[in-house]
Amino acid sequence: MGLYGVMTTSVSGMSVQSDRMGTVADNIANINTTGYKAASTEFATLIAEGSVAEYVPGSVSTIPRRSVSQQGDFTYTKSATDLAVSGNGFFMVESADGTPYLTRAGNFVPDANGDLVNAAGFKLLGYNLLDGSSSSVMNSAAGLQVVSSASLGMKATASTSGVFNAILPADADVTAAADLPSANGASAEYAGKTSIVAYDNLGHQVTLDVYSAKTADNTWEVTVYNADGASASGGFPYAAGSQLTTATLTFDPTNGNLTSTSPQSLSVAIPNGATVSLDISKMTQLASDYTPQEGSANGSPPTAVDRLEISKDGTVTAVYKDGSRVDAFKIPLAKVASPDNLTAISGNVYATNKESGDLQLGTANSGGLGAVISGALESSTVDLASELTTMVQAQRNYTANSKVFQTGTELLDVLVNLVR
Amino acid sequence: MTLTQSTANASSSLSTISEQISIVSQNIARVNNADATRKVANVVSGPGGGVSVAGISRTANKLLLDTYLTANSSSQTQSVINSALDQLQNTVGDTDSETSPASLIAKLTSSLQDYSASPQNDAVGATVVTAAQELVNSLNGATQAVTDVRNQADSDIAASVNDINNLLAQFQTLNQQVVTGTSSGTDVTDALDARDAVLKQLSTEVGIRAVSRENGDMAIYTDSGVTLFDKTARKVTFQQSSNLSPSAVGNPVYADGVPIAGTSHVMSISSGKLAGLVEIRDSIAPTYQSQLDEVARGLIETFAESDQSATPTLPDAAGLFTYGGGPTIPTSGTVVPGLAGSIKVNPNVDPSQGGDASLVRDGGISDPGNPAYTYNTTSGSSYTDRIQQLITGLDTSRTFDPSSQIQQSGSVADYAKSSVSWLEALRQSASNEAESRQATADRATSSLSQATGVNLDEEMTNLLSLERTFQASSRLINTVDSMLSTLLQASG
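Cut-offs and rules
Residues numbered from 1 in each chain as written. Chains lettered and ligands numbered in written order. Predicted model: local features only at pLDDT ≥ 70, side-chain atom pairs only at ≥ 80, totals over all residues. Heavy atoms only, no water. Helix = DSSP H or I, 4+ residues; strand = E, 2+ residues; numbered from the N terminus. Rg over C-alpha atoms; globule rule 2.2 N^0.38 Å. Buried < 20%, exposed > 50% of the residue type's maximum accessible area, 1.4 Å probe, protein only. Contact = heavy atoms within 4.5 Å. Areas by Shrake-Rupley, 256 points an atom, 1.4 Å probe, with all protein chains shown as cover. 1 Å grid on protein atoms, 1.4 Å probe; cavity = no way out; pocket = protein on both sides within 12 Å on 5 of 7 lines; lining within 4 Å. Points joined across faces, edges and corners; volume = space filled by probe spheres on them. Nonpolar A, V, L, I, M, F, W, Y, C, P; charged D, E, K, R; others polar. Axes fitted to C-alpha atoms, helices over the stretch in contact; angles between N-to-C directions. Parallel < 35°, antiparallel > 145°, perpendicular 65-115°, else oblique. Left-handed = near helix turned anticlockwise from the far one by under 90°.

**Details of the overall build of chain B**
Tallying secondary structure elements over chain B gives 11 helices and 13 strands in all. Radius of gyration (C-alpha) of chain B: 37 Å, far over the 23 Å computed for a compact globule of 492 residues. Over its C-alpha atoms, taken along the principal directions, chain B stretches across nearly 145 × 40 × 35 Å. A total of 492 residues make up chain B; the buried ones form 50% of that total. Taking contacts inside chain B between residues at least 6 apart in sequence as the whole, the part at least 24 apart equals 65%. With the model as given, the accessible surface of chain B reaches about 20,800 Å², and the carbon-plus-sulfur share is 51%.

**Some details on the environment of L108 of chain B**
Residue and element names in this part refer to chain B. The topology assignment puts L108 in helix α3 (residues 101-117). A relative accessible area of 0% places L108 in the buried class. Counting along the chain gives 25 residues from L108 to Q133, while the straight-line C-alpha distance between them is 9.6 Å. Beyond its immediate stretch of four places on either side in the chain, L108 contacts V128, A131, A132, L135, F303 and F321.

**A look at the layout of surface pockets**
Roughly 1,200 Å³ of volume is contained in the largest pocket. When contributions to the lining of the largest pocket are tallied by element, the ones reaching two or more residues are β3 (74-76), β22 (305-310) and β29 (371-374) of chain A together with α1 (3-29), β1 (39-45), β2 (51-58) and α4 (122-184) of chain B. Take the lining of the largest pocket: its biggest share by element is seven residues, from α1 of chain B. Partitioned by chemical class, the residues of the lining of the largest pocket number 15 nonpolar, 22 polar and five charged. Estimates place the volume of the second largest pocket at around 810 Å³. As for the second largest pocket, its lining consists of 33 residues, and the residues nearest its centre are G299 and D322 of chain A together with V179, D217 and K231 of chain B. For the lining of the second largest pocket, the leading source of residues is α4 of chain B, giving four residues. Each residue belonging to the lining of the second largest pocket can be placed in one class, and the counts come to six nonpolar, 18 polar and nine charged.

**What about the packing of α4 of chain B against helix α6 (residues 273-302) of chain B?**
Residue and element names in this part refer to chain B. In the contact formed by α4 and α6, the axes pass within 9 Å of each other and the chain directions differ by 165 degrees. By the angle class used here, α4 and α6 are roughly antiparallel. Relative to α6, the crossing made by α4 is left-handed. Looking at side-chain class alone, the contact of α4 with α6 contains 20 nonpolar, three polar and four charged residues.

Laid out in structure tokens, this is it:
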């Protein structure tokens with residue numbers, strides 16, 4: 001029995017070495033594949049039952065391993081939708097047929113529909129923050145949607161708050177009651193005017209003309225008009241209904257600041273828009289010229305999405321052309337109890353199985369999940385030097401096994417020749 | 001760390017260096033551009049050891065820029081005033097010039113004296129009329145010059161307003177790029193440079209104050225606080241006058257519906273070309289015009305003829321000098337706008353217009369048919385009383401309108417001299433002021449360019465150190481390569 005045993009054992013030895021060569025070939029082939037995790041081979045003995053007086057050679061079997069949990073190095077790119085995970089955690093992606101998978105290959109680009117698709121054709125999944133339509137399920141990919149910029153159309157934001165802050169000239173002449181801007185006469189006088197652009201519900205630009213006039217020492221009147229109603233020359237008198245608000249401010253003569261009883265903000269109701277709360281608490285009265293320090297309101301005209309920005313915690317923010325930002329999606333990261341036991345599937349994706357444990361979804365950058373890095377890709381974990389070393393070893397081991405086989409054959413030859 | 005990673009890190013270093021070198025090359029290319037600032041690449045190291053360029057920043061200094069804007073506006077105002085005064089000065093000439101009203105009055109006096117020496121000689125009488133004609137031409141010419149200066153200023157204001165609107169439109173585009181770029185994290189340094197350049201040009205036209213806001217946004221106010229730009233450009237409007245007669249007032253300039261120049265208003269601007277042009281159109285030129293008008297009025301008054309009857313009943317009438325509204329004498333001590341433009345020699349005394357020069361001696365120029373105004377009642381050819389009276393009249397002290405800003409009493413000849421010195425003094429002080437403001441502006445320019453401009457020495461030093469780093473990284477790649485090739489030989 002012995003010699004045949006030697007031959008089968010050495011054949012199994014050669015076979016596992018060729019398996020090992022297979023992993024080396026695979027690794028070297030994928031040395032530049034984003035998100036690739038190096039494969040390796042472990043071996044296990046197979047012992048044949050023998051008796052005390054006899055050694056029966058067994059054989060060896062291959063156990064392929066993938067070090068999925070090993071962190072790859074980062075390569076930096078210019079694309080904001082190139083993503084990498086620094087730490088544990090996987091992106092959730094779905095294949096063309098809608099099956100969810102895990103992956104570390106974050107080379108996403110928007111396709112024709114605006115969906116983020118990686119190089120292998122898998123679509124990135126996330127929670128939709130805009131309409132709140134996705135429910136967050138801890139241990140399942142249910143409720144995740146494809147991250148897409150398609151749902152982000154043009155938008156206009158109505159102004160809701162603003163700031164007006166000017167230094168009023170303490171030594172200005174007192175304006176007669178009939179000439180105050182609030183009286184809206186053609187002969188209206190004022191110490192200063194500043195106009196501020198605000199936006200209505202549809203994103204129309206509404207210019208607010210803010211007039212300041214002194215009514216008595218340390219007392220000022222601030223009146224806001226809608227510039228649309230201005231006279232042909234661009235000033236007083238305004239059309240009826242153009243006056244949006246007026247207020248009387250009192251200043252503390254000891255420091256020039258607003259007194260505590262004076263209004264600290266103006267409520268300006270924009271026609272067909274929201275009510276803008278105009279913060280005037282920083283207005284001061286000093287012996288200087290009229291100097292506007294700050295005058296602005298929030299809101300934006302209709303703008304389209306310029307690009308997507310992805311933060312460390314996986315929030316996908318739509319940045320509009322005017323610079324305003326809206327959080328659109330949240331990319332969750334997934335983890336499993338034993339990532340190295342995940343089933344590798346073509347396209348750098350993994351599926352869960354009994355050994356790997358169940359899927360757990362969580363927010364990036366928290367709870368032991370890694371951070372999402374935008375503008376970077378995770379390189380393959382293959383190290384060429386160690387692969388070459390492994391290859392040399394496998395080659396020598398294969399040769400040694402073949403020598404054993406050869407010797408076994410030669411011995412059999414000798415045996416066969418005995419019969420002649 | 002694996003060999004592969006070492007190669008990756010070295011290659012990230014190489015790509016970072018090439019980006020840095022491209023920035024150095026941009027800096028060097030712009031070394032002679034006054035508006036360019038120095039760009040710097042912000043290099044950061046990432047997890048794993050690689051490096052990357054996180055962004056590009058520029059050396060900007062808002063405070064120095066503000067100083068420059070103020071100094072430039074203030075210098076421009078003065079230089080515009082200065083050049084207009086130079087133009088007036090060149091046309092009108094100084095006291096010594098033969099063409100100035102002051103020296104022509106002296107010439108008229110001397111021809112009158114010659115005539116009083118030989119009153120019977122009509123040819124000498126004709127020289128008096130010629131001298132008067134020269135004086136009239138000089139006053140008419142000066143009025144035309146002042147009107148030209150005012151019309152020029154008016155059309156320059158229109159051009160300046162047009163420039164301001166164009167610059168504000170450019171600013172809006174650039175500001176939009178900056179805001180979008182800043183929020184999306186792209187390189188906006190070029191847009192910022194271009195936007196600063198627009199601000200500098202704008203400060204030439206009008207005094208401005210720029211206020212920075214979030215996302216790189218900027219608002220512009222005039223030096224008097226009127227909004228010029230806040231998210232969108234405000235309209236600056238001006239209606240140019242077709243022709244500004246001496247009595248006409250030019251139109252005001254409006255920004256955002258508020259008059260900022262042209263009529264007195266609490267929000268009137270104080271610097272920039274626009275402020276200077278309006279000052280010329282509405283203050284300096286009209287004042288000088290009113291002085292010329294007062295000289296003309298003084299002459300008409302001096303040469304006026306009175307009723308010589310035993311019981312005078314007729315009003316005084318314009319003599320040698322008359323004007324559009326003659327023969328009535330204009331009210332004493334009150335300026336008549338445009339008088340210097342319409343003053344003329346009475347045709348009754350001008351031989352070239354069929355008049356009789358001897359009327360200077362005899363009187364009755366205003367109405368040769370009316371004997372009431374004839375001084376030489378005996379028709380004696382050696383009558384000199386009227387000539388003497390005229391010579392004395394030129395030296396007699398008179399009252400002038402205080403609005404003309406120079407002496408209120410004095411002889412016409414003295415008044416004309418003071419007018420010339422007033423202009424000269426104004427020009428002198430304007431020229432000094434312009435020089436000093438120019439010096440301030442130059443200092444502001446040089447400190448701004450020192451703080452933010454490109455320095456060639458610095459760029460060359462950077463270039464050398466980048467070159468060394470590039471060499472070191474390439475050497476690393478080379479070394480890893482030879483290590484791997486050793487390994488490949490071992491396995492082959």
